[in-house]
Amino acid sequence: MKMPISSFNGCSVLVIHIMLFTAVRSQLTTDHYSTTCPRVLQIVRSEVQKAIKVEMRMAASLLRLHFHDCFVNGCDGSVLLDGSDGEKFALPNLNSARGFEVVDNIKTAVESRCSGVVSCADILAIAARDSVVLSGGPSWKVLLGRRDGMVANQTGSNNGLPSPFGSLSSIISKFSDVGLNLTDVVSLSGSHTIGLARCATFSGRLFNFSGTGAPDPTMESTMVSDLKNLCPQTSDGNAITVLDRNSTDLFDSHYFQNLINNKGLLSSDQILFSGGNEETKALVQSFSSNQNLFFDTFANSMIKMGNISPLTGSNGQIRKNCRVVNS
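Rules used in this analysis
Residues numbered from 1 in each chain as written. Predicted model: local features only at pLDDT ≥ 70, side-chain atom pairs only at ≥ 80, totals over all residues. Heavy atoms only, no water. Helix = DSSP H or I, 4+ residues; strand = E, 2+ residues; numbered from the N terminus. Rg over C-alpha atoms; globule rule 2.2 N^0.38 Å. Buried < 20%, exposed > 50% of the residue type's maximum accessible area, 1.4 Å probe, protein only. Contact = heavy atoms within 4.5 Å. Axes fitted to C-alpha atoms, helices over the stretch in contact; angles between N-to-C directions. Parallel < 35°, antiparallel > 145°, perpendicular 65-115°, else oblique. Nonpolar A, V, L, I, M, F, W, Y, C, P; charged D, E, K, R; others polar. pLDDT = per-residue confidence, 0-100. UniProt positions renumbered as here; feature names shortened; annotations may be inferred.

Let's talk about the overall build of the chain
In terms of regular secondary structure, the chain is built from 13 helices and 2 strands. The C-alpha atoms of the chain give a radius of gyration of 20 Å, which matches the 20 Å a tight globule of 327 residues would have. The C-alpha extent of the chain, read off along each of the three principal axes, is 60 × 60 × 40 Å. Counting only residues that meet the buried cut, the chain has 47% of its 327 residues in that class. Sequence separation of at least 24 residues holds for 75% of the intrachain contacts in the chain that already meet a minimum separation of 6.

In structure tokens form, the structure reads like this:
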């Protein structure tokens, strides 16, 4: 950030901003539950492991819940709240956000050991980390101490979450709005190395891309043919396929190799390499050739994302049931 030397007020604002950011970070600690619920990490890990054994896709679903929570109202567990005006029924989550029953199971297990202590927001953060680790990805120390929000924000979900149909500038802007940078855009998009997507999220690339009457030229031809068979124009758009072709359930850097080979499934994935932004293209190339770099950067970006506007101290509450505000 460039400022004139004489800009005292600007410097003051910058210093205050840094102090506030540091204060928030300092309120989240890795040992927040060391005395009040010392086995919380083991309990969450055990429940996530059980869920993934039943359905491997659940790892991606739990990771996505944390993402969709943090981008709206900050990491406050608001995505878990029931109600017709809740975030669950926003367009980016409707019929796609999943894993709520697994979170219920985790919460029940945690409550049985330490009632009223561990927030739903923290459970999401831990479960996201464990989902990555149990899929073969990196680990990191999760900062804890978030409290739960008391209101959902359906409008915020509709407007604030990056869209699979969005332009690269729109996606970058939505990350920037919550304090995440270009590197975070690319590294966190790498979470699509696991999980599935519905035809409705990419079928526009197969038949009449941008009104051309032809498929998206940045999608490899064999992949187009395969996906046309899965998602014919007469389909309801609900069939699903893997986000990371040829590396379905393993958290690795293969996703970035796919982008280089024009095999990104979602438009929002492929534009990281083919969208004309040299910085995102260079990051894709770096992560593709250096998995350790991707893992380290991804872990750092997840920590940053987990620090988006957490409720701490006396703000919010510790919900007994992640679906409803305490009565």
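Describing the packing of helix 8 (residues 182–189) against helix 13 (residues 291–305)
Here helix 8 crosses helix 13 at 110°, and the two axes come no closer than 9 Å. Comparing the axis directions of helix 8 and helix 13 gives the class roughly perpendicular. Residue-level inspection shows Thr183, Asp184, Ser187 and Leu188 of helix 8 in contact with helix 13, the latter providing Phe294, Thr297, Phe298, Ser301, Met302, Lys304 and Met305. Its residues assigned to classes, the contact of helix 8 with helix 13 shows 5 nonpolar, 4 polar and 2 charged.

Quick word on the confidence of the model for the chain
Of the residues in the chain, 92% have a pLDDT of 70 or more, and the chain-wide mean is 92. Long-range and interchain partners of residues 1–26, a stretch whose pLDDT sits below 50, account for 8 contacts in this model, where long-range means more than four residues apart.

Re unusual backbone geometry
Although it is not a glycine, Asn95 sits at a positive phi angle of roughly 60°. By the element assignment, Asn95 lies in the loop between helix 3 (58–70) and helix 4 (100–113). At Ser210, a residue that is not glycine, the phi angle is positive and equals roughly 50°. Relative to the helices and strands, Ser210 is located in the loop between strand 1 (196–198) and helix 9 (221–230).

Observations regarding the UniProt feature "active site" (unreviewed entry) in the chain
Here, the residues flagged by UniProt with the feature "active site" (unreviewed entry) are His68. For His68, the location among the structural elements is in helix 3. Beyond its immediate sequence surroundings of up to four residues, His68 is in contact with Glu87, Pro92, Asn93 and Leu161.

Description of the UniProt feature "binding site: Ca(2+) 1" (unreviewed entry) in the chain
Look at the UniProt record and you will see "binding site: Ca(2+) 1" (unreviewed entry) annotated at Asp69, Val72, Gly74, Asp76, Ser78 and Glu87. In terms of the greatest pairwise C-alpha distance, the residues named above, spread along 19 residues, form a tight cluster of at most 12.8 Å across. Residue placement: Gly74 occurs in the loop between helix 3 and helix 4. By the element assignment, Ser78 lies in the loop between helix 3 and helix 4.

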